[in-house]
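Fold and contact review
Residues per chain, in single letters:
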Amino acid sequence: MHKITLIKGDGIGPEISDAVVKIIEASKVDIEWDEQTAGLDVIEKEGDPLPKRVIDSIKKNKVALKAPVTTPIGKGFRSVNVRLRKELDLYANVRPAKNIDGIKTPFNNVDLVVVRENTEDVYAGIEEKINDDTMHSIKLITRGASNRIVEYAFEYAKKMGRKTLHCATKANICKLTDGLFLDCAREVAKKYPEIEFREILVDALCMQLVQNPNKFDVLVMPNLYGDIVSDLAAGLIGGLGVAQGANIGRDYAVFEPVHGSAPDIKGRNLANPTALTLCAIQMLNHINEKEAARKIENALFKTIKEGKVLTQDLNGNSSTTQFRDEIIKNLE
Ligand code: NAI
């Protein structure tokens, strides 16, 4: 039996979490969920959107499945997501984007992985007010974190049998910060001659991704570019509803979708649980429950390919719970 931390989050988080928990239950894998609340609702009761008990639970269980948590814009407290990644040193944010049979998109051969540095850059939260009209934000890039993420990306590429790795920066403009990141990438690349290493400016990357995404394989980049490019990549494969992600560190792993808490569709039984289901499949593989992972993946892909029961973001007219039930029906 596995004990896994479950953070249902807020917004659409509880709806998609309930769907995924039911799908996993139906696959008969033996998981005891250690449910931990975090986010907006918790602040009022506990004074902190990410209480220590949540971190302690993940430290104990080593693995978490996490639905999105809202970060109010400009309200002063730091994002739960950023804190979680930082406090558990989940330095690699791995976001695969692969076409799913049955979801119509302009391209049909996208299969790339964005590896995003997860602990520094402008997400380090070093901001200061100079005066009412001027604010500063520090872009923090260190050799240690850059080497570590590029090495992770190369190791990932090697393990997954991938051929090419692009490092995306703005080293032409941010000469010191992105320059350091790129220098580290060039150095690390020398240890992996079997993988083709390429450099690209992140703006050029965005253009090429929407014109010819199939030429990209593994991409590594600093935190902010990784955040933006992975949403772009999600758009290439059918949108945020189907985009999975994982935050990986040396000791812990937190599996969470790319998308946020989608307040616009909260509580309406409209959310697509595919992204969180794909995260759960990654999680099951991570804990070596490969058979359950395979079963759920087959059922999910069958449901989408058949196209009879789909949520609205996939041009269907079914609810979250109908979609969930169809996946459960398709479990063999
Ligand atoms: P969002 O990803 O929540 O929503 C963007 C658009 O995509 C909305 O129209 C939404 O309805 C749609 N969408 C997202 N997920 C969907 C799903 N599963 N099914 C169907 N449609 C879906 O991005 P937004 O609005 O920028 O952020 C909302 C909140 O989420 C913010 O407070 C943000 O800070 C937070 N957030 C949290 C993340 C996390 O917990 N890891 C990641 C990204 C944002």
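Going by the structure above, here's the rest.
The text that follows walks through the structure, step by step, so that each part is easy to find. It should be emphasised that the depicted structure is a prediction, and the values quoted were computed from it without experimental measurement.

1. Considering the overall build of the chain
Looking only at helices and strands, the chain features 11 helices and 12 strands. Since a compact globule built from 332 residues should have a radius of gyration of about 20 Å, the 20 Å found for the chain is in line with a globular shape. The principal-axis extents of the C-alpha atoms in the chain amount to approximately 55 × 45 × 40 Å. Buried residues in the chain amount to 55% of all 332 residues. In the chain, of all internal contacts separated by at least 6 residues, the share reaching a separation of at least 24 is 73%.

2. Side note on helix α10 (residues 290-306)
For α10, spanning 17 residues, the distance from its first C-alpha to its last is 24 Å, which sits close to the expected 24 Å at 1.5 Å a residue. Buried within α10 we find Ala292, Ala293, Lys295, Ile296, Ala299, Leu300, Thr303 and Ile304. Looking down the long axis of α10, one finds its buried residues gathered within 165° of arc, a one-sided arrangement. Positive backbone phi, approximately 70°, marks Gly307, located one or two places after α10.

3. Side note on the pairing of strand β9 (residues 196-201)
Strand direction decides the pairing type here: strand β8 (residues 164-169) and β9, joined by 6 bridges, are parallel. Its bridge partner lying in β9, Cys167 is registered against Glu199. For the crossover from β8 across helix α6 (residues 177-189) to β9, the handedness is right-handed.

4. A look at the packing of aromatic side chains
Two numbers describe a pair of aromatic rings. These are the distance of the centres and the angle of the planes. Tallied over the entire structure, the rule returns 4 aromatic pairs. Between the aromatic rings of Tyr91 and Tyr152, the centroid separation amounts to 6.1 Å while the plane-to-plane angle is 90°, which identifies the pairing as edge-to-face. On the criterion of sequence distance, the pair formed by Tyr91 in the loop between α4 (80-87) and β4 (92-98) and Tyr152 in helix α5 (residues 143-159) is long-range, its members being 61 residues apart. Accessibility classification places Tyr91 together with Tyr152 in one group, the buried group. When the ring of Phe154 is compared with that of Tyr192, the centres are 4.8 Å apart and the planes differ by 10°; the resulting orientation is stacked. One end of the pair, Phe154, is in helix α5; the other, Tyr192, is in the loop between α6 and β9, and 38 residues separate them in sequence. Among the residues examined, Phe154 registers a relative accessible area of 0% and is labelled buried. The class of Tyr192 is buried, set by a relative accessible area of 6%.

5. Considerations on the packing of α10 against helix α11 (residues 320-330)
Two numbers describe how α10 lies on α11: the axes approach to 8 Å, and their chain directions differ by 120°. Considering the relative orientation of α10 and α11, their crossing is right-handed. In contact with Ala299, Leu300, Lys302, Thr303, Ile304 and Glu306 of α10, α11 contributes Phe323, Glu326, Ile327 and Asn330. When the residues that make up the contact of α10 with α11 are grouped by side-chain class, the tally is 5 nonpolar, 2 polar and 3 charged.

6. Observations concerning the nonpolar core
Within the largest apolar cluster, 85 residues are counted, with the highest numbers of intra-cluster contacts made by Leu65, Leu112, Leu205, Val220, Phe255, Met283 and Leu284. Formed jointly, this core draws a minimum of three residues from each of two domains, domain 1 (1-95 + 238-332) and domain 2 (106-236). Residues within four places of Met283 in sequence aside, it is in contact with Ile4, Ile24, Ile31, Trp33, Val63, Leu65 and Phe255. Core analysis: the next-biggest nonpolar cluster, separate from the first, contains 14 residues, Val69, Leu84, Tyr252 and Val254 among them.

7. Details of unusual backbone geometry
The backbone of Asp89 shows a phi angle near 50°, a positive value even though the residue is not glycine. By secondary structure assignment, the location of Asp89 is in the loop between α4 and β4. Positive phi, normally seen in glycine, also occurs at Ala262, with a value near 40°. Position of Ala262 among the secondary structure elements: in the loop between β12 (253-255) and α9 (274-286).

Definitions and cut-offs
Residues numbered from 1 in each chain as written. Predicted model: local features only at pLDDT ≥ 70, side-chain atom pairs only at ≥ 80, totals over all residues. Heavy atoms only, no water. Helix = DSSP H or I, 4+ residues; strand = E, 2+ residues; numbered from the N terminus. Rg over C-alpha atoms; globule rule 2.2 N^0.38 Å. Buried < 20%, exposed > 50% of the residue type's maximum accessible area, 1.4 Å probe, protein only. Contact = heavy atoms within 4.5 Å. Expected span 1.5 Å × (residues − 1). Arc of directions from axis to C-beta. Pairing = 2+ DSSP bridges. Right-handed = clockwise from strand over helix to strand, strands pointing away. Phe/Tyr/Trp six-rings, centres within 6.5 Å; stacked < 30°, edge-to-face > 60°. Axes fitted to C-alpha atoms, helices over the stretch in contact; angles between N-to-C directions. Left-handed = near helix turned anticlockwise from the far one by under 90°. Nonpolar A, V, L, I, M, F, W, Y, C, P; charged D, E, K, R; others polar. Core = buried A, V, L, I, M, F, W, Y, C linked by side-chain atoms within 4.5 Å. Domains from an automatic or database assignment.

Without other data, these values stay purely geometric and don't point to any function.
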